[in-house]
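Residue-level listing of the chains:
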Amino acid sequence: MTVGAHAPMRWEDRVGTNVRRLRKAKGLSQEALAHEAGMAMRYLAGIERGEENPSLAILVKLSGALGISPADLFG
């Protein structure tokens, strides 16, 4: 790693940032999105903070609830 270079963003952080951004763009609360995706709000909050390591099944549920492709969570 060179001096001044940034470490790559962890994928959990990237996914969490994108979930939060897309949720807010849809005007959804964490509670509403968690309900639509069939998960606990506390778990969704952990995903958004990059503290959880969601499975592919969870990412598919989230993307479905947001009306997007799962790939959009990694963009």
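Above this text sits the structure in question.
Conventions and cut-offs
- Residues numbered from 1 in each chain as written.
- Predicted model: local features only at pLDDT ≥ 70, side-chain atom pairs only at ≥ 80, totals over all residues.
- Heavy atoms only, no water.
- Buried < 20%, exposed > 50% of the residue type's maximum accessible area, 1.4 Å probe, protein only.
- Helix = DSSP H or I, 4+ residues; strand = E, 2+ residues; numbered from the N terminus.
- Arc of directions from axis to C-beta.
- Contact = heavy atoms within 4.5 Å.

Participant: I would appreciate a short explanation of helix α2 (residues 30-37) in the present structure.
Facilitator: Along α2, the residues that are buried comprise Leu33, Ala34 and Ala37. Within α2, the buried residues cover an arc of 100° as seen down the axis, which keeps them to one side. Turned more than 90 degrees from where α2 packs its buried face, Glu31, His35 and Glu36 sit exposed. Along its buried surface, α2 packs onto α1 (11-25), α3 (41-48) and α4 (56-66). Of the residues flanking the end of α2, it is Gly38, one or two places downstream, whose phi is positive at about 70°.

Participant: Mind showing me how you'd approach the environment of Ala25 here?
Facilitator: Position of Ala25 among the secondary structure elements: in helix α1. Overall, Ala25 belongs to the exposed group, its relative accessible area being 66%. Sequence separation between Ala25 and Ser69 is 44 residues, and the spatial gap between their C-alpha atoms is 15 Å.

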